[in-house]
Structures are given as structure tokens and as C-alpha cells.
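Chain by chain, the residues:
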Amino acid sequence: MLKYFTGLPLLLSLCTCGPAPDTAPLAGTPSAPAPPSILFVLVDDLGWMDLGVQGNPWYPTPNIDRVANEGLRFTDYYAPSTVCSPSRAAMMSGMSPARTGITDFIPGHWRPYEELRVPTNRTQYLPGEVTTYAEALKTVGYATAYFGKWHLGWGLEHAPMAQGFDTAHVQGGWGHFVPPIHFTPPYPADTGAYLTDILTDMTIDFIAAHRDTQFLVVLSHFAVHVPLEAPDELVDAAGKREQPTDRVYNPTYVAMVESVDRNFGRLITRLDELGLRENTLVVLTSDNGGLRQIYDRSDDVIATTNAPLRDEKGSIYEGGIRVPMFVRQPGTVPAGVTGVPVTGMDLYPTFLETAGVPRGTWPDTLDGESLVPVLRGDTLAERPLYFHYPHYHHGRPAAALRLGDYKLIRQFDTEGSELYNLAADLGETTDLATSEPERAAAMLTQLNDWLREVHAPLPVANPDFDVARRAEWGPRPKE
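Chemist: I tried to follow the pattern of salt bridges on my own but got confused; where do I start?
Modeler: Think of it this way: side chains of opposite charge can pair up when their charged atoms draw near. Tallying each qualifying case throughout the model produces 31 salt bridges. Put simply, arginine 111 and glutamate 114 hold a salt bridge, and the shortest N to O gap is 3.6 Å. Both residues of the pair, arginine 111 and glutamate 114, belong to the buried class. A salt bridge links glutamate 428 to lysine 407; its shortest N-O distance comes to 3.0 Å. One end of the pair, glutamate 428, is in the loop between β16 (417–421) and α11 (437–453); the other, lysine 407, is in strand β15 (residues 406–411), and 21 residues separate them in sequence. For lysine 407, a relative accessible area of 1% puts it in the buried group. One network of salt bridges, with partners in common, ties together Arg66, Glu70, Asp272, Arg277, Glu278 and Arg328.

Below, the structure written as C-alpha cells:
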């Protein structure tokens with residue numbers, strides 16, 4: 001039986017530490033003997049403050065915290081989008097959502113009476129002509145696997161097996177965490193097993209079977225996405241612990257996070273047992289910001305909070321796009337913390353460079369930049385990070401540009417823009433667009449130029465706008 005609980009909100013600041021001394025060059029470079037295997041763990045809807053290592057002592061994540069502290073943790077890592085499918089397509093292709101044309105979750109949703117008529121996804125699947133990082137790594141001999149949530153198209157013709165993964169088991173839709181659980185292709189799961197455990201079992205089995213070769217395995221958890229479902233014993237234990245009085249603490253959500261952590265611990269233990277600790281690049285991150293409010297319930301239950309970040313999944317404020325991320329490879333990647341702003345599109349070229357894929361074969365459409373210099377203890381030159389979410393979700397249709405410490409947001413339903421100094425105002429509480437008009441104007445011009453360059457789909461005025469009905473959901477009218 002599964003249980004559901006609610007809690008209260010708290011603000012908690014993030015603590016960071018300085019970088020550790022430099023270590024050996026990244027595997028796959030000329031001075032290293034062989035490229036490493038890659039374990040990529042993608043947690044669904046994991047918020048920036050949902051881990052102990054991020055500064056939240058109320059969520060028990062000892063395994064993730066330990067491995068994060070053994071690796072390089074990125075405090076300013078951004079998911080490519082505020083919701084799942086655009087982020088996943090961007091990471092898999094190395095291209096921004098504005099360029100792929102997948103700007104909303106698949107299949108998307110529609111508000112027929114809102115002020116703006118928003119675009120639909122160019123395709124409701126990741127196009128087959130896109131070269132994924134899995135396809136690129138196969139060219140240099142990697143065995144590839146994908147387990148869990150895909151959300152990049154339905155049917156075998158759009159499944160991971162059609163996009164460069166030798167082995168895959170995915171669950172359709174958003175799914176549930178308890179039986180019956182159906183996978184494509186079918187997988188003989190224990191009828192009483194919890195989904196997070198099953199996906200970890202798959203990953204461990206694949207790693208063990210490919211211990212003697214380079215592999216890429218993506219473990220794409222459905223947790224901690226709704227529905228909030230967790231094993232009774234974890235929910236009971238979470239409910240009995242001391243709880244904060246000024247921060248969200250939902251025992252079922254906490255139990256889901258704890259389950260992810262326990263299973264991550266199983267993965268890392270198995271890597272160690274197989275002698276793969278030093279030659280496996282481990283990456284853990286989230287596809288978008290944490291979901292705070294569960295709007296489809298009559299009691300409007302609170303799941304978590306991204307505070308001190310502003311807002312949540314579906315919003316282009318920091319709470320919707322800034323998420324946890326760390327990379328570990330002992331003896332190769334220096335342990336520490338970096339504030340270099342990076343994005344999910346950077347993982348594609350990072351994986352390719354790490355694996356030794358010749359640069360001359362890389363797609364020329366990549367919007368990301370390899371993080372290998374940062375993983376060697378260096379840095380990256382300042383560059384613009386762009387975001388485009390022209391849809392209504394938990395926020396408004398918007399685009400954004402981060403440049404250095406500053407972030408500019410263009411809300412598509414207003415004439416003006418918002419400007420924030422994230423170094424001084426992490427919570428985006430003070431709009432500087434009026435006090436720094438020249439900076440705001442220059443950044444807005446730069447953002448608009450980029451939107452035109454990538455042919456970003458934009459919302460337009462809605463002839464059916466009805467202020468009294470703007471919050472209604474419904475079918476999209478035929479074009």
C-alpha cells in the first residue's frame with residue numbers, strides 16, 4: 001500500500017566548498033590509457049534543493065552526497081528546458097529545444113482561451129535523422145543501453161533502440177511505480193517490485209555483462225515525478241523523522257528521493273565490486289526543476305520546494321531550470337565545486353570527447369560545449385546560455401538569456417523584459433531592467449537575434465482570447 005503526506009515550506013541556503021587539487025587528465029585524452037565507460041543517471045523532476053549535498057539536511061541522500069563530494073559538483077547547471085521532453089531531446093541531440101522544434105513536453109497541452117496561441121512541437125518524437133550521443137559512441141565501440149523514461153516518441157520506430165541503444169526497456173506514458181508495470185520491450189519484472197528498484201536492477205545487470213568493454217548506460221528514473229508513490233516502509237520512516245516547521249516536507253516525496261539514493265548506492269557499490277570505479281564517468285542530474293504544486297488534486301498538495309530559487313518546473317525562473325549535477329571519475333576528475341554556468345546540451349560533446357569520438361565526425365549543429373576542460377580543473381570562457389519555453393505551464397511563455405552573472409527574461413505576453421543579477425539576487429526578487437536599461441536592452445537584442453537565428457517557434461496573439469476563461473484547458477483547434 002502507498003501513502004501520501006504533506007508538509008510546510010522552509011528557506012535554506014546552499015553551502016559550497018572550494019575545489020580540490022588537480023588530478024590526472026581526463027580519460028580518453030592522449031596521456032590516458034583508455035576512454036572510460038559512462039553511467040548517466042537522469043532523475044525526473046529532481047529539484048535543485050532536493051539533495052543533502054545541495055544544502056537540504058531533511059532529505060536523506062547519503063549515497064548521492066558521498067559520490068557528489070568525490071566528484072565535481074556544478075552549482076550553476078541548467079536543464080535545457082523547464083519540462084521533460086524538450087530537455088531530453090536537447091541532451092540526446094546536443095541541440096537546444098528552439099533548434100529541434102520540440103519545445104513542450106510530448107504531446108503538449110493547450111489553453112484555447114489564453115492571451116497567446118502557443119506553437120506545437122515540430123514533431124512529437126525525436127527525429128530519426130538526429131545523431132544521438134549513443135549513435136556517436138557506438139562508432140568507437142561502446143555498448144549502449146537505456147532504461148526507464150524516454151518520452152521522446154511512442155512506438156518502436158521512435159524508441160531508444162532506433163536511436164543508437166543496443167539494449168533498452170522503457171515504460172510508456174508517465175506510468176506508476178507499482179505493479180502492473182509494462183515495459184517495451186517486455187521485461188519479466190517481479191510483480192511486487194518498485195519501479196525505481198527494477199530500473200536499477202536492469203542497469204546493474206547490463207554493467208555486469210559489459211564489464212570488459214566500454215559502455216554507455218542511461219538510467220532514466222521516473223522518480224521523483226508524480227504520482228507520488230513510495231514503499232510503505234520508506235514513507236513510514238520519513239514520517240517519523242524530525243521534520244522542519246518552515247520548509248516543505250512531504251514524507252512520500254522524501255521517500256521517493258530516498259529510494260533513488262538507495263538505488264544509486266547499489267549502482268556505485270556494484271561498480272566498485274566489478275573494479276570499474278576509476279574507469280567509469282558517473283553523471284547525475286535532472287531533466288528540469290522540481291515540481292512544487294500538484295495541481296490535479298483537489299487538495300493542491302505540495303511536493304517540494306526549490307527555495308531559495310524562484311518558482312518551479314514549467315517556469316523559466318531559476319527554480320524551473322537550475323538543477324543538481326555532478327560528474328565523478330576518481331583519479332581523473334578533480335573533486336570540488338564549480339560555479340561555471342553550464343547546460344544539458346554540454347553533455348553531448350562531453351560524452352563524445354570523453355569517449356574519444358574524433359571531432360571531425362561530430363555534428364555541426366551542436367549548441368553545447370564540451371565540459372572536458374572543466375573536468376580537468378580548468379574553466380570555460382564566458383558564453384551566453386539561452387532558454388526558450390513559448391508555452392503556458394506553471395509559468396508564462398518566455399525566453400531567457402544568462403550571460404555572466406546576469407539573466408534576462410523576455411515574457412512573450414508583455415512588451416518589457418526582466419533583468420536579474422543572480423550573484424546578488426539568487427531568488428530573482430529585484431528586477432534591474434529599469435535601473436540598468438542599457439544592459440537590459442543589449443541582452444534583449446542578443447536574445448532576439450538568437451531566436452531568429454535558430455528559427456525558434458514563437459507564440460502569437462490568440463483571436464479567441466477570453467480573460468474570463470483563460471485558465472481553461474482544452475483541445476487545440478485545427479490549423
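Now that the structure has been shown, we can carry on.
Chemist: Would you mind showing me how to read the packing of helix α6 (residues 232–240) against helix α7 (residues 251–273) here?
Modeler: In a packed pair of helices, the relevant descriptors are the angle between the two axes and the axis-to-axis distance. The geometry of α6 relative to α7 is characterised by a closest axis approach of 8 Å and an angle of 120° between their N-to-C directions. When the interaxial angle is binned, α6 and α7 end up oblique. In this structure, the crossing between α6 and α7 has a hand that is right-handed. Mapping the contact onto sequence places Leu234, Val235, Ala238 and Gly239 in α6 and Pro251, Thr252, Val254, Ala255, Glu258, Ser259 and Arg262 in α7. Of the residues assigned to the contact of α6 with α7, the class counts are 6 nonpolar, 3 polar and 2 charged.

Chemist: Would you take a moment to explain the pairing of β16 for this structure?
Modeler: For a regular strand, the rule is simple: side chains alternate between the two faces of the sheet. Taking burial as the measure, the 5 residues of β16 include 5 buried ones, the bulk of the element. Linking β15 to β16, which pair antiparallel, is a turn of 5 residues.

Chemist: In this structure, what is going on with the packing of helix α1 (residues 62–70) against α7? I would like to understand it.
Modeler: Where α1 meets α7, the closest approach of the two axes is 7 Å, and the angle between their N-to-C directions is 50°. With respect to α7, the element α1 is oriented oblique. Between α1, through Pro62, Asn63, Ile64, Arg66 and Val67, and α7, the contact on the second element is made entirely by Val260, Asp261, Arg262, Phe264, Gly265 and Ile268. A class-by-class count of the residues in the contact of α1 with α7 yields 6 nonpolar, 2 polar and 3 charged.

Chemist: How should the sheet that holds strand β2 (residues 72–74) be read in this particular structure?
Modeler: The pairing of strands in a sheet comes from backbone hydrogen bonds and takes either a parallel or an antiparallel form. What the 9 strands build is an open sheet, ordered β7-β6-β5-β8-β1-β9-β10-β2-β11; its pairing is mixed. The sheet is open, and its two edges are formed by β7 (183–184) and β11 (336–338), each paired on a single side. Here strand β1 (residues 37–43) pairs with strand β9 (residues 280–286) via 7 bridges, running parallel. Note on β9: the bridge partner recorded for serine 37 is threonine 280. Its contacts with the sheet put helix α5 (residues 195–209) on β1, β5 (143–148), β6 (167–171), β7 and β8 (215–220), and the angle it makes with β8 is roughly 180°.

Chemist: Is there a simple way to think about the packing of aromatic side chains in this case?
Modeler: Aromatic ring pairs: the centre-centre distance and the angle between the two ring planes describe each pair. A complete count under the given rule lists 15 aromatic pairs for this structure. Aromatic side chains tyrosine 133 and tyrosine 348 sit 6.2 Å apart centroid to centroid with 80° between the ring planes, which places their arrangement in the edge-to-face category. Of this pair, tyrosine 133 sits in helix α4 (residues 133–138) while tyrosine 348 sits in helix α9 (residues 347–355), placing them 215 residues apart in sequence. Among the residues examined, tyrosine 133 registers a relative accessible area of 1% and is labelled buried. Centre to centre, the rings of phenylalanine 264 and phenylalanine 326 are 6.2 Å apart; their planes meet at 80°, and the pair counts as edge-to-face. Of this pair, phenylalanine 264 sits in helix α7 while phenylalanine 326 sits in strand β10 (residues 325–328), and the two are 62 residues apart along the sequence. Owing to a relative accessible area of 2%, phenylalanine 264 belongs among the buried residues under this scheme. In textbook terms, an aromatic cluster arises when at least three aromatic residues are bridged by ring pairs, as seen for Phe40, Tyr133, Tyr348 and Phe351. Its end group placed over the ring of tyrosine 317, arginine 310 keeps NZ or CZ at 3.7 Å from the ring centre. One cation-aromatic arrangement involves arginine 439 over tyrosine 406; the distance from NZ or CZ to the ring centre is 3.7 Å.

What counts, and at which threshold
Residues numbered from 1 in each chain as written. Predicted model: local features only at pLDDT ≥ 70, side-chain atom pairs only at ≥ 80, totals over all residues. Heavy atoms only, no water. Salt bridge = Lys/Arg side-chain N within 4 Å of Asp/Glu carboxyl O. Buried < 20%, exposed > 50% of the residue type's maximum accessible area, 1.4 Å probe, protein only. Helix = DSSP H or I, 4+ residues; strand = E, 2+ residues; numbered from the N terminus. Axes fitted to C-alpha atoms, helices over the stretch in contact; angles between N-to-C directions. Parallel < 35°, antiparallel > 145°, perpendicular 65-115°, else oblique. Left-handed = near helix turned anticlockwise from the far one by under 90°. Contact = heavy atoms within 4.5 Å. Nonpolar A, V, L, I, M, F, W, Y, C, P; charged D, E, K, R; others polar. Pairing = 2+ DSSP bridges. Phe/Tyr/Trp six-rings, centres within 6.5 Å; stacked < 30°, edge-to-face > 60°. Lys NZ or Arg CZ within 6 Å of the ring centre and 35° of its normal.

Note that all results are geometric; they support no functional claim without further evidence.
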